[in-house]
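Overview (structure and organization)
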Amino acid sequence: MTTGTPHIAQRPRRADGRRNYDAILAAARKAFEADGSEASLENIAAQAGVAIGTLYRHFPTRASLVEAATRDGLADLVAHAERLASCPDPLRALSEWMEQAVRHFSTFRGLVGILAQSMYDEGTPSHAMCSAMHHGGADLLRAAQAAGRVRADLTADELFDLLSGAAWVREQSLPDRDGSPRFLRLALEGITARDRES
C-alpha cells in the first residue's frame with residue numbers, strides 16, 4: 001500500500017501556468033487513449049509544447065497526471081449516482097449507473113487497474129474520488145436490494161469486481177467488437193433477484 005499524502009494536482013492561478021497545465025492535460029488524455037496508462041511522459045510534454053521539467057512541476061508523478069486526467073469522469077459518476085438516487089425504479093437506476101461506470105473505467109488501457117487499486121489505497125491520488133464513487137454505487141445497490149430487485153447477498157465490493165471485469169472486457173475488445181454490453185447484461189441477470197418457486 002502506498003504511504004504518505006498523495007499529490008493532487010490543482011490548476012494554477014497564473015495565466016501562463018494555467019496554459020501549460022491545460023496543454024499537458026489535453027495531451028495526456030490523448031496519449032492515454034492512444035497508448036494506455038503507460039504512455040510516454042516525454043511525448044506528452046512534447047505534444048503539449050513544454051519541457052519535461054514543466055510537466056513534473058505540475059504533475060510530480062504519473063499517478064497524479066492520471067488522476068487529473070480522469071477526475072472529471074469520476075466526478076460525473078458521483079453526481080450521476082446522486083441524481084439516480086431519486087429514480088422510482090432502483091434496478092434501472094443501478095443498471096444505468098453501472099453502464100456509465102464501465103465506460104469510464106475503460107476510458108484507456110490500464111485505467112481499470114489503477115482505479116481498482118485506488119479504491120482501497122489511501123495513498124494514491126485517485127483514492128478520494130474513487131471512494132466517493134464507490135459510496136455512490138453502493139447506495140444505489142442498497143436501494144435496489146431494499147426494493148427486492150437485487151439479490152441481498154451481493155456486496156458493494158463484489159459489485160465493483162463485476163464492473164471491473166466488464167471494463168476489462170471492453171478495454172481488451174477490438175473497436176468493432178465490444179463484448180462488454182453482453183458481459184454486463186449477463187452480470188445484471190446474475191445479480192437480479194428472482195422469485196423463488198414454491
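The written sequence of each chain sets the order in which its residues are numbered from 1. Reporting in this predicted model follows two pLDDT cut-offs: at least 70 for local features of residues, and 80 or more for side-chain atom pairs to be given and counted; totals over whole chains, interfaces and linings ignore these cut-offs and use all residues. In computing side-chain values, all of the structure's heavy atoms are included and hydrogens and water are not.

If you look the protein up in an unreviewed UniProt entry, it shows as TetR/AcrR family transcriptional regulator from Streptosporangium longisporum.

1. Brief notes about empty space enclosed by the protein
Where we set the bar: Detection works on a 1 Å grid of protein atoms alone, calling trapped sets that fit a 1.4 Å probe cavities and calling open sets with protein on both sides within 12 Å along at least five of seven lines pockets, with lining residues defined by an atom within 4 Å of a point. Grid points are joined across faces, edges and corners, and a volume is the space filled by probe spheres set on the points. Counting from the N terminus, the helices are the DSSP runs of H or I reaching at least four residues and the strands are the DSSP runs of E reaching at least two. Throughout this entry, Asp, Glu, Lys and Arg are counted as charged residues, while Ala, Val, Leu, Ile, Met, Phe, Trp, Tyr, Cys and Pro are counted as nonpolar. The remaining residues, Gly among them, count as polar.
Counted by the stated rule, this structure contains one cavity of 30 Å³ or more. The volume enclosed by the largest cavity comes to roughly 40 Å³. Lining the largest cavity, in full, are Phe105, Val112, Leu115, Ala116, Met119, Met133 and Ser164. Of the residues forming the lining of the largest cavity, the biggest block, four residues, is contributed by helix H6 (residues 111–120). Among the residues forming the lining of the largest cavity, the class breakdown is six nonpolar, one polar and no charged.

2. A few points about the UniProt feature "domain: HTH tetR-type" (unreviewed entry) in the protein
Heads up, the condition is: UniProt positions are given in the numbering used here, feature names are shortened, and annotations may be inferred rather than shown by experiment.
The residues that UniProt annotates with the feature "domain: HTH tetR-type" (unreviewed entry) are residues 18–77. End-to-end, the C-alpha atoms of residues 18–77 are 26 Å apart, and along that stretch the chain is 82% helix and 0% strand.

3. Here's the deal with the packing of aromatic side chains
The following threshold applies: Each aromatic pair joins two rings of Phe, Tyr and Trp (for Trp, the six-membered one) with centres within 6.5 Å, and gets the label stacked for planes under 30 degrees apart, edge-to-face for over 60, and tilted for any other angle. For the exposure calls, accessible area comes from a 1.4 Å probe over protein chains only, and a residue counts as buried if that area is under 20% of its type's maximum, exposed if over 50%, partly exposed in between.
If you walk through the whole model with that rule in mind, you get three aromatic pairs. With a centroid separation of 6.0 Å and 80° between ring planes, the pair formed by Trp97 and Phe160 is classed as edge-to-face. Within this pair, whereas Trp97 is found in helix H5 (residues 90–105), its partner Phe160 is found in helix H8 (residues 156–172), the two being separated by 63 residues in sequence. We classify Trp97 as buried; its relative accessible area is 0%. Its relative accessible area of 2% is what places Phe160 among the buried residues.

4. Things to note about helix H7 (residues 127–146)
Rules: The span expected for a helix works out to 1.5 Å for each residue beyond the first. Note on contacts: a residue pair is in contact if any heavy atoms of the two residues lie within 4.5 Å.
Here H7 spans 28 Å end to end across 20 residues, near enough to the 28 Å set by a 1.5 Å rise per residue. Within the sequence span of H7, burial applies to His127, Cys130, Met133, His134, Gly136, Gly137, Ala138, Leu140, Leu141, Ala144 and Gln145. Buried positions along H7 lie against helix H4 (62–84), H5, H6 and H8. Once H7 ends, the next one or two residues include Gly148, with phi positive near 75°.

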